[in-house]
Amino acid sequence: MRLQSIELSGFKSCAKKTRLEFSSAITSIVGPNGSGKSNLAESFRFVLGEQSMKSMRGKRGEDMIWNGSPAVPRAGRASVKLVFDNRDRALNLDFDEVSLERVVNRDGNNEYVLNGSPVRLRDITEVLAHANIGASGHHIISQGEADRILSASPRERREMLEDALGLTAYLYKKVDAEKKLEKTAENVREVESLRRELAPHLKFLRAQVKKFEESQKLRDVLAENYLEYLKRESVYLRVSKELLAEESDEPKQEHSAFAGRIAQLRAELAVQQNNITDGELARLEDESRAVALHRSTAVRDLGRIEGELAAAERMHLSVRESIPADEAREFAERVEKESEDIVLLDSEQMKHRVIALTILAKEFLRRIVHPMHEVGTYDTHELLEKKLALEREAEDSQSEESRIADEIAALRADADGEKDASREAERELYMAMSRRSELETAMARLHAREEMLAREESQLKSEIGDAAFLIGREVAGYAEFDVCDEGGSALSDADIADEPRVRQEDRLKKIERMKIRLEESGAGNQSEVLKEHAETSERDEFLAHELADLAASEASLRMLIAELTKTLETRFADGIKKINVEFDSFFKLMFGGGSAGLSIVRELPFRKRTDVDEAVEEGVDVSISIPHKQLKGMHMLSGGERALTSIALIFAMSQVNPPPFLILDETDAALDEANSRRYGDMIGNLARSSQLIVITHNRETMSRAGILYGVTMGRDGVSKLLSVRFEDAVAVAK
Ligand code: ATP
């Protein structure tokens, strides 16, 4: 990369457009004091992005703008444009020529333009760092600042050396990585905070979903149980109904057959019973009872009359009449005859026989007693008449009763004959009715079973409804459910129906318990919760994924930082070693002996001095040894010695890692003639690797330049630039 030109407009004393071409390795700028040479050096700082106004002898951006003079009005803006030949692509841009421009306006606003496009300062810095043009400005040595590197702190010195060693790009990368790491850590905290916020809600939703899943499992088990139960129940009911229908058929038919036979038998019996003259018998019995009553009334009255007669007899003598013997014998024979077969008679006949004997006895007694006459108040005659009348009455009634009894006996004998005929029919009727009763009992039992099955069927329907509500439509497929035994073989309908009912009852109880558990689980309709859980989980997973990504990028950033740190340390240490060789060599050249070197020192960062755990920062110390002198510190050096040491170090740095260009503003001011020559030799050497722009009053230095620019300032206060010959320049320098 080569510096082609610089163009200033309105920058400090360069009020008008001023252009310098750098076609030679060494360009020298000469001119009287106050003509504006240093302004030109500062214009390099300005365009390369210098942010410190102080290092450009200003306080604010406005100080960089032509401030006007009585002759030339002040400018509204200052601009400086550098043009590089980038054919070697030292600048990381795919252009052969790269122009870099900075403009500052009076309002302090800065603009950067890279190849005509506005860019950020950072872009400029990065592009330049790639070409070893660092921000520390180690390649621009301002007037009087040659020993800046000596007066800087070890830490600042280290930065300048890092810059000079071309490590700025690594530093930028490291800083960039550290910023990214910080940002990543911030993102991690944010994401973790979001996850923390999400966690309780997610926990709640997870619990809900777990509950729902458990109830789903329960529901599945319930479905399985329900399907088996319903299938078994439906098979049982169907088979049972079929069997019942078969069982019911026979008793029904038999029953209806018996109904016909019973009706027939009843009809037959009715006919037989109608033949028996029940009415006649009843009438005779009524008549018999009336006659008996009449007779007993007559007997009672007779008793009373006889009592009265006995009373009359006690009052009067009665005369007994002797009964002839044959009459008494006749009476005895009749009694004997009447009594002889009495034991063979039935009760009714016996009754008649006793009555007859009684009448006989009474008649005999009446014969042996004298008729009563009037006794006292008794009219014995009347009494006797009444007695006779009553005795006749009783006898008549007795014979009437006997006649009726005979009639009844005859009638009953007829009826008994008929009863024997109907007894068989009655027996058959009884048997038929008994069988019919048995059949009715059996049919009642069958009917009860029928009702039971109907109740079970209605319960099945109700269970199907319940199951459909709890499980859903899949319950409708219970008929297709395969009921298997413990070995997994499908059971036949007959096997299913044969199972003891208690097993189904147990299944139903189990189902009921499950229903209660399902209800207690309270999982209900969880579609909203499931949706929310899915979304929240997705969000949490996304955040977890993001955290993992962040952790990965954190790790890779840490690794990058570690690598960069290592590279920086290694390269820095190597660079310091190389610089030390050159430094010592330049130093010996300048001082005719002695030694100089840099050493890496470690110190705690200023703001963290109390924090012992913090890593220490590395700085760089300078140590020199001047021939024949015993130095106790850098501060003991003379101005010239400091300048020589600084120059030796700057040149050593430039030698190890040559910058594309080096601007030296009167760095040689303090050198004596001998050292000026050595200085001249050194810049001759340096020019092989870097373009040099030297502002000088030194003849020796000027003599090394290929191009000489003379700067003058007229009365208008504006710096003017012109190409001068060496002789003219020497004249100006003097
Ligand atoms: P020396 O050889 O003494 O170091 P020099 O050639 O380096 O001098 P500079 O320091 O570059 O001179 O120029 C200083 C001049 O620039 C001063 O006269 C100053 O007034 C002028 N100057 C500085 N800033 C401005 C500005 N913003 N507007 C106008 N003139 C300015």
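The preceding data block contains the structure.
Residues numbered from 1 in each chain as written. Predicted model: local features only at pLDDT ≥ 70, side-chain atom pairs only at ≥ 80, totals over all residues. Heavy atoms only, no water.

Draft legend 1. Layout of the side chain of glutamate 499. Relative to the helices and strands, glutamate 499 resides in the loop between helix 10 (493–498) and helix 11 (501–521). When its relative accessible area of 13% is taken as the criterion, glutamate 499 is described as buried. In this structure the side chain of glutamate 499 is engaged in a polar contact, spanning 2.8 Å, whose partner is the side chain of arginine 507. Discounting chain neighbours no more than four positions away, the residues touching glutamate 499 are Arg232, Gln504 and Arg507. (Helix = DSSP H or I, 4+ residues; strand = E, 2+ residues; numbered from the N terminus. Buried < 20%, exposed > 50% of the residue type's maximum accessible area, 1.4 Å probe, protein only. Polar contact = N/O pair within 3.5 Å; in protein donor to acceptor, adjacent residues only side chain to side chain. Contact = heavy atoms within 4.5 Å.)

Draft legend 2. Structural view of the site of the ligand. By nearness alone, 18 residues border the ligand, and Asn33, Gly34, Lys37, Ser38 and Arg57 come closest of all. Taking asparagine 67, its main chain carries an N or O atom lying 2.9 Å from a nitrogen atom of the ligand. For the ligand, whose free accessible area comes to 650 Å², the fraction covered by protein is 74%. Partitioned by chemical class, the residues of the shell around the ligand number three nonpolar, 10 polar and five charged. (Near = heavy atom within 4 Å. Areas by Shrake-Rupley, 256 points an atom, 1.4 Å probe, with all protein chains shown as cover. Nonpolar A, V, L, I, M, F, W, Y, C, P; charged D, E, K, R; others polar.)

Draft legend 3. Representation of the sheet that holds strand 13 (residues 707–713). In space, the six strands of this open sheet follow the order 8-11-12-3-13-14, with mixed pairing throughout. The outermost strands of the open sheet, each flanked by one partner alone, are strand 8 (140–141) and strand 14 (719–723). Of the pairings in the sheet, the one linking strand 3 (residues 26–30) to strand 13 comprises four bridges and is parallel in character. Looking at the pairing, valine 30 lines up with glycine 710 of strand 13. The sheet contacts of helix 1 (residues 37–47) involve strand 3, strand 8, strand 11 (661–665), strand 12 (691–695), strand 13 and strand 14, and relative to strand 11 the element is tilted by about 145°. On top of the sheet, helix 14 (residues 673–686) reaches strand 3, strand 11 and strand 12; it is set at about 160° to strand 11, its chief contact. (Pairing = 2+ DSSP bridges. Axes fitted to C-alpha atoms, helices over the stretch in contact; angles between N-to-C directions.)

Draft legend 4. Looking closely at empty space enclosed by the protein. Applying the stated criterion across every chain, the model contains three cavities of 30 Å³ or more. Every residue lining the largest cavity is counted, 13 residues in all, and those nearest its centre are His138, Ile141, Arg148, Met160 and Ile650. Contributions of two or more residues to the lining of the largest cavity are made by strand 8, helix 3 (148–151) and helix 13 (639–656). Taken together, the residues that form the lining of the largest cavity break down as seven nonpolar, three polar and three charged. (1 Å grid on protein atoms, 1.4 Å probe; cavity = no way out; pocket = protein on both sides within 12 Å on 5 of 7 lines; lining within 4 Å. Points joined across faces, edges and corners; volume = space filled by probe spheres on them.)

Draft legend 5. How the structure looks around the packing of aromatic side chains. One pass over the full model with this rule turns up eight aromatic pairs. Consider the rings of phenylalanine 22 and phenylalanine 44, whose centres lie 5.8 Å apart with planes at 50°: the pair is tilted. Residue phenylalanine 22 is located in the loop between strand 2 (18–21) and strand 3, and its partner phenylalanine 44 is located in helix 1; the two are separated by 22 residues in the primary sequence. Taken together, the ring pairs in this structure connect Phe22, Phe44, Phe84 and Phe661 into an aromatic cluster. (Phe/Tyr/Trp six-rings, centres within 6.5 Å; stacked < 30°, edge-to-face > 60°.)

Draft legend 6. Region of interest: the side chain of lysine 515. Tracing the backbone shows lysine 515 in helix 11. Owing to a relative accessible area of 11%, lysine 515 belongs among the buried residues under this scheme. Apart from the residues within four sequence positions on either side, lysine 515 is in contact with Leu222, Tyr226, Glu463, Asp466 and Leu470.

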